[in-house]
Every structure is written in structure tokens, then in C-alpha cells.
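Reading the structure
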Amino acid sequence: DALPIYSVYRERRALPFPTGPGISQTPLETGQDTARTMDASTCAKMAVVLLLLALGSPAEACSCAPRHPQMAYCSSDVVVRGKIVGEAKVSMENSSAADPELDWIRYHIKVTKVYKGFEQVQDLQFLYTPMQENLCGYNHVSNDRSEEYVFSGHIIEDKVIITICGFNVRWSKLTLSQKRGLAQVYKTGCECVIIPCHGPCAVNAPNECLWTDALISRTWVGQQVHHLACVPKGKECGWETMKSQGGSTPFFKTSKL
């Protein structure tokens, strides 16, 4: 399974929220100025709202922007680990005024660990996603109810919404560094800004880190995704390895490429 490190970027058709008891996307070429315009949490929340409320053609493919796991963690309201033990198709509010094909999938989750949003999801039982993949709906393909996954989502009208553009990945596929990041490290770097770099680029502020996996590995899923976090040290942010170093975690800064 490829790591889902993308975020919703395109506007979508208005989707009412559900009622009742996932990566093969093409990354968009986003510039550094866009990435710096708003903090990660604000951008992500607006993206989900656009997904649910904005006008657009449901026939268009879902497009997502590159996203480091730390970016996904920091911009999400909820990050949990758990087992999907059931699913159901659910109806929508105001269904008479909506396209009847725009249904939702409600996944029943047995949560085993909450990494973020504990106060908001102390009794989390369900995750919601649009049924249609072209609306960025997440499709849980595994039938193994004993298998743990990590999910990131946003709380909208008391429901946790997930999409394929979130961080939704099988727990066994994560590196030890990523598991440590979810448990301890990513939250320490939420004031830092990770800048996806797919061409000549440079940091413009001391709290920025250049994400260069695409330049070095020709894929966004490289060493920085697998083993590094952008964290503050003194008055600046830089990449820190999450691998065990006998108590030491080397810190380094890349300022220009």
C-alpha cells in the first residue's frame, strides 16, 4: 500500500452531511507561496469544507496535493488508530434536494489509540466518507477486521470525515520512525512549516523546512516521509531524524536547493 500523503485541493459539489446510527491520485503542482499563505490546519479545514459545500462537477477526478505525514497530523482534528469492523451506506440530510447518487459510507471503527483529538472523540465509533471516489471518498479494501489502520480526519457537525487525501494507512506499513512521530514527535513541530520542493526552492522564514524527497528519490515517499520530522530548535525549525540514535537526535537545516 502506498502511503496516502495527499490533501484535498480542488473544490467539489455541495454534499449534505450523513444521518443515521484512501492512493492513486495525481499530486498537484503547488507553489511555495500557496503553501505559506495559511497555516496547515486552516488550509486543511477549508479544503474539507470546500469538498462538502462548494459547487463543482462530481464527474471530475479527485486531485490532491503532496503532504508529509507531519503536515497531515498537524492539520487534522483527529488522528486515531483502530480496526474497521463494519460499514454501511447511509442517507443524507435533505436528500430530496440532493443528487440521490451522492451517498456516504459510514465505517464502524474500534479505536485502539487516539493520537490527536482525544477530548473530541473519547467515544468515537464511526468515520464518514463520500461513497464516490471522484469526490475523494475513501474505500477501505481490507476485509481483515483484526488489522489496524491509522486514520486522520476533520470534525464537521460532530462527525469525523475522512477522505483519500488524509493520512489513512495500514499500521503495519508504517516505519518505526513514523510510529514514534505519531506518538511523540509530530505534535512538537506543528508551528513549523513543511514546504514541498519539486524544483529550485529556498526557505523564506526560520520556521520552514524544505521537503525534498521528490527531488532526491523521484517520489514524495522518501527518507523525509519515512524517518524525519520538522521540529523547532531554538529560534528556527529543521529536520530531525526519528530513528533511535542512542539518545541523540541529529538536527539539520536545508536552506536552499
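What you see is a predicted model, and the numbers here were worked out from it, not measured in a lab.

Here the focus is the overall build of the protein chain. Check the secondary structure of the protein chain and you find six helices and 13 strands. When the 257 residues of the protein chain are sorted by exposure, 50% land in the buried category. Split by element, the accessible area of the protein chain, about 12,200 Å² in all, is 50% carbon and sulfur.

The next point concerns helix α4 (residues 176-185). Along α4, the residues that are buried comprise S177, Q178, G181, L182 and V185. The arc enclosing the buried residues of α4, seen along the axis, measures out at 140 degrees, which places them on a common side.

Attention now moves to the environment of I195. Relative to the helices and strands, I195 is located in strand β9 (residues 193-196). Relative accessible area serves as the criterion here: at 0%, I195 is assigned to the buried category.

Our focus in this paragraph is the side chain of D213. Looking at the element boundaries, D213 is found in helix α5 (residues 213-216). Buried and unpaired, D213 has K243 as its nearest opposite-charge partner, separated by 11 Å. Of the polar contacts made by the side chain of D213, one reaches the backbone nitrogen of G222; its length is 3.2 Å. In this view, D213 contacts R218, T219, W220, V221, G222, Q223, Q224 and V225; residues no more than four positions away in its chain are not counted.

So, about the nonpolar core. Within the largest apolar cluster, 20 residues are counted, with the highest numbers of intra-cluster contacts made by I109, L124, L127, Y138, F151 and V160. The set of elements that each furnish at least two residues to this core consists of β3 (78-90), β4 (104-116) and β6 (148-156). Once you skip the residues sitting within four places of it in the chain, I109 turns out to touch V80, G82, K83, I84, L124, Q125, F126, L127 and F151.

Residues other than glycine seldom take positive phi values, yet D158 does so here, at roughly 65 degrees. The topology assignment puts D158 in the loop between β6 and β7 (159-161).

A regular strand places its side chains so that they alternate between the two faces of the sheet. Neither face of strand β10 (residues 208-211) is exposed, since E208 and L210 on one face and C209 and W211 on the opposite face are all buried. In this sheet, β10 lies alongside β9 in parallel orientation, the contact comprising four bridges. Along β10, the bridge assignment pairs I195 with L210.

Time to look at the pattern of salt bridges. It is possible for side chains of opposite charge to pair when their charged atoms get near one another. This structure, assessed with the given rule, holds four salt bridges. Here E148 ties to R81 by a salt bridge, and the two come within 3.3 Å at their closest N and O atoms. Of this pair, E148 sits in strand β6 while R81 sits in strand β3, placing them 67 residues apart in sequence. Put simply, E240 and K233 hold a salt bridge, and the shortest N to O gap is 3.1 Å. Relative accessible area serves as the criterion here: at 8%, E240 is assigned to the buried category. Overall, K233 belongs to the partly exposed group, its relative accessible area being 36%.

Reading the values: rules and limits
Residues numbered from 1 in each chain as written. Predicted model: local features only at pLDDT ≥ 70, side-chain atom pairs only at ≥ 80, totals over all residues. Heavy atoms only, no water. Helix = DSSP H or I, 4+ residues; strand = E, 2+ residues; numbered from the N terminus. Buried < 20%, exposed > 50% of the residue type's maximum accessible area, 1.4 Å probe, protein only. Areas by Shrake-Rupley, 256 points an atom, 1.4 Å probe, with all protein chains shown as cover. Arc of directions from axis to C-beta. Lys, Arg positive; Asp, Glu negative; His and termini not counted. Salt bridge = Lys/Arg side-chain N within 4 Å of Asp/Glu carboxyl O. Polar contact = N/O pair within 3.5 Å; in protein donor to acceptor, adjacent residues only side chain to side chain. Contact = heavy atoms within 4.5 Å. Core = buried A, V, L, I, M, F, W, Y, C linked by side-chain atoms within 4.5 Å. Pairing = 2+ DSSP bridges.

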